[in-house]
Amino acid sequence: MNIQALLSDKVSQALIAAGAPADCEPQVRQSAKVQFGDYQANGVMAIAKKLGMPPRQLAEQAVAHLDLAGIAGKVEIAGPGFINIFLDPAFLAQHIDRAVQSDRVGIAPVARPQTIVIDYSAPNVAKEMHVGHLRSTIIGDASVRTQEFLGHKVIRANHVGDWGTQFGMLIAYLEKQQNENAGDMALADLEGFYREAKKTYDEDQSFAERARSYVVKLQGGDEYCRQMWRKLVDITMSQNQISYQRLNVTLTRDDVMGESLYNPMLPGIVADLKAKGLAEESEGAIVVFLDEFKNKEGEPMGVIIQKKDGGYLYTTTDIACAKYRYETLHADRVLYYIDSRQHQHLMQAWTIVRKAGYVPESVALEHHMFGMMLGKDGKPFKTRAGGTVKLADLLDEALERARRLVSEKNPDMDPAELEKLANAVGIGAVKYADLSKNRTTDYVFDWDNMLAFEGNTAPYMQYAYTRVLSVFRKAGIAEADLSAVPVLEASHEIQLAVRLLQFEETLAVVARDGTPHVMCSYLYDLAGLFSGFYEHCPILNADSDAQRQSRLKLALLTAKTLKLGLDTLGIETVERM
Ligand code: ARG
């Protein structure tokens, strides 16, 4: 149950009854301090101002109309006109009981499921995945999991860079390698392959000529070139698939919707934009001038959609892509997890998309951008030698460090279990470190921080989960034997209960904004509240059997919520560590 939404509704109705307009915003929020209740309505002052009414008077009249029977135990007016709401422990107990018995911790799927296309990961063919793709992959996948849990239909779109003039060179180089019998193995080192191809292209005249002829042939649908191109894509994507699996990311080969998919649509798009009077010829190229963007001279910015030589651009592809996602995939909403440096590119593409009427305003195109991954020195994350960090190497190191860490703590653990644990902790740490930061800013990649057992980290959260489970195990009671409806009396019980029931509104925020760090903070806070509760409210030595069962239910729901929350983030949990 979404308590915040429920209270917003109720306070709204009360305000309207007190004379506020029908579209008034009660601004019901979780209270920052216990003395302000569990929720507070902050909207009264603004509404009163519009009505020309003293805010306290409006608050009093609203409270007189406010019907929170069975929900709140107490309602107070504070300061200039805040309404503080204290939830009724019996209401909380009833919902805790419902949640603990449900396999979705009481959260019903959304009433109106949407089709949501999520564009994420999007590595490039014949190139190693780099840290930018890592962020997109991890954050995008958490977003996918959250939307799917809520019951939306998610279409994963892996917008792989699998098209462009560089493919002539790559095909020619693959051919050269095959002739020289190095076979396809050379592609195991994608970075090296690309670098050598480029070098050969720059140094060898006849190679360069062949490369150029292959671009033309590939675009013309030549069978041989298509085959070689396929090989390049396949080898790259099977390597990336290994990384996805290691990362516990849900992308599969079927989710690849690369740039090449849109290529056949591009001539039609350019012709249509011309026909609509949006595009024009300028110095041989086809350009869309946008008043919304100004160049350095303060004139409307020209966005090239077709080059002088007839070639199309990244922007042209993204125009076609947005159109396709609406028209063919029937998206209600499209989320793009791409780094912030591409923001202007997307804004330009979408401005053209809207002007051309390819996607109606009712369908949101959202850039869920993120900052860069930095080294401890505050500079872009690089190897010591200054090269790009290969994803596979990064994951190897995570595993290695986690292995050391967990075997120190569990010297007697069976090797297979230890390896599983190291994997959960190591991969979890890399992912959680990224997910727990507000994605819009740069973040510093720091092994020691992310693997610490204290603070908002994966190991801490995973450990907290196992601790709650062990509390439950020690009690020796089966889940099914917990019968009584909980009784919440101690403030630690009540606070934990409120927070547990706020899982749903946390999910709603993450789903709306695509901000997994909000879930991380919530879970971290929940784990902390559980510790306080555990310290102050004895479970095994409770005063009565009813109290013991009641507390065990809180523990059980905490475990379930932690697990489910971590699931939506794509972080694995273990039973023991
Ligand atoms: N392949 C691109 C890159 O490596 C990212 C593509 C993002 N998606 C998109 N629809 N433009 O920068």
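Reading guide: rules and limits
Residues numbered from 1 in each chain as written. Predicted model: local features only at pLDDT ≥ 70, side-chain atom pairs only at ≥ 80, totals over all residues. Heavy atoms only, no water. Helix = DSSP H or I, 4+ residues; strand = E, 2+ residues; numbered from the N terminus. Buried < 20%, exposed > 50% of the residue type's maximum accessible area, 1.4 Å probe, protein only. Contact = heavy atoms within 4.5 Å. Areas by Shrake-Rupley, 256 points an atom, 1.4 Å probe, with all protein chains shown as cover. Lys, Arg positive; Asp, Glu negative; His and termini not counted. Charge placed at Lys NZ, Arg CZ, Asp CG, Glu CD. Pairing = 2+ DSSP bridges. Right-handed = clockwise from strand over helix to strand, strands pointing away. Phe/Tyr/Trp six-rings, centres within 6.5 Å; stacked < 30°, edge-to-face > 60°. Axes fitted to C-alpha atoms, helices over the stretch in contact; angles between N-to-C directions. Near = heavy atom within 4 Å. Polar contact = N/O pair within 3.5 Å; in protein donor to acceptor, adjacent residues only side chain to side chain.

> What is the right way to look at the overall build of the chain in this model?
On a plain count of helices and strands, the chain comes out with 20 helices and 13 strands. With the C-alpha coordinates of the chain rotated into their principal frame, the extents come out at 85 × 70 × 40 Å. Within the span of the chain, comprising 577 residues, buried residues form 53% of the whole. Nonlocal contacts in the chain, meaning residues at least 24 apart in sequence, comprise 71% of its contacts between residues at least 6 apart. Summed over all atoms, the accessible surface of the chain reaches about 25900 Å², with 50% contributed by carbon and sulfur. The positive charge centre, built from 63 side chains, and the negative charge centre, built from 75, are 1 Å apart in the chain.

> Honestly, the pairing of strand β11 (residues 364-367) in this entry has me stumped. Any pointers?
In regular strands, side chains alternate between the two faces of the sheet. Bridging between strand β10 (residues 333-336) and β11 involves four bridges; their strand directions are parallel. Looking at β11, one finds that leucine 335 is bridged to glutamate 366. Of the crossover connections in this fold, the one passing from β10 over helix α12 (residues 343-355) to the parallel β11 is right-handed.

> Just to check I follow, could you spell out the packing of aromatic side chains for this structure?
Any pair of aromatic rings gets described here by the distance separating the centres and the angle formed by the planes. One pass over the structure, following the stated rule, counts 13 aromatic pairs. For the pair tyrosine 173 and phenylalanine 207, a centre-to-centre distance of 6.3 Å together with 80 degrees between the ring planes defines the contact as edge-to-face. A residue pair is termed long-range when its members are at least 10 positions apart, and tyrosine 173 in helix α6 (residues 166-179) and phenylalanine 207 in helix α8 (residues 205-219) qualify at 34 residues. No difference in accessibility class separates tyrosine 173 from phenylalanine 207, as the two residues are buried.

> Help me understand the sheet that holds strand β8 (residues 285-294) in this model?
Pairing between the strands of a sheet comes from backbone hydrogen bonds, and it takes one of two forms, parallel or antiparallel. As summarised here, the arrangement of the three strands in space is β7-β8-β9, forming an open sheet in which the pairing is antiparallel. Strands with a single pairing partner mark the edges of an open sheet, and in this sheet they are β7 (279-282) and β9 (300-306). For this sheet the average axis-to-axis angle between neighbouring strands, irrespective of direction, equals 50 degrees. Running at roughly 100 degrees to β8, α12 makes contact with β8 and β9 of the sheet.

> Hey, could you run me through the site of the ligand in this one?
Around the ligand lies a shell formed by Asp119, Ala122, Asn124, His133, His159, Tyr314, Asp318, Tyr336, Ile338 and Gln342. One nitrogen or oxygen atom from the side chain of histidine 133 is found 2.8 Å from an oxygen atom belonging to the ligand. Between aspartate 318 and the ligand, the recorded distance is 2.8 Å, taken from a side-chain N or O atom to a nitrogen atom. Contact with the protein chains hides 88% of the accessible area of the ligand, taken as 350 Å² for the molecule alone.

> Help me understand the sheet that holds β11, please; the structure alone is not making it clear to me.
Pairing is parallel in the open sheet, where four strands are placed in the order β6-β5-β10-β11. Edge positions in the sheet fall to β6 (153-157) and β11, since each of these pairs with one other strand and no more. Across the sheet, the mean angle from the axis of one strand to that of its neighbour is 20 degrees, orientation sign disregarded. Strand direction decides the pairing type here: strand β5 (residues 115-119) and β10, joined by four bridges, are parallel. Its bridge partner lying in β10, valine 117 is registered against valine 334. With respect to the sheet, helix α11 (residues 314-327) is in contact with β5, β6, β10 and β11, its orientation differing from that of β10 by roughly 140 degrees.

It is worth stressing that arrangement in space is one thing and function is another; only the former is reported here.
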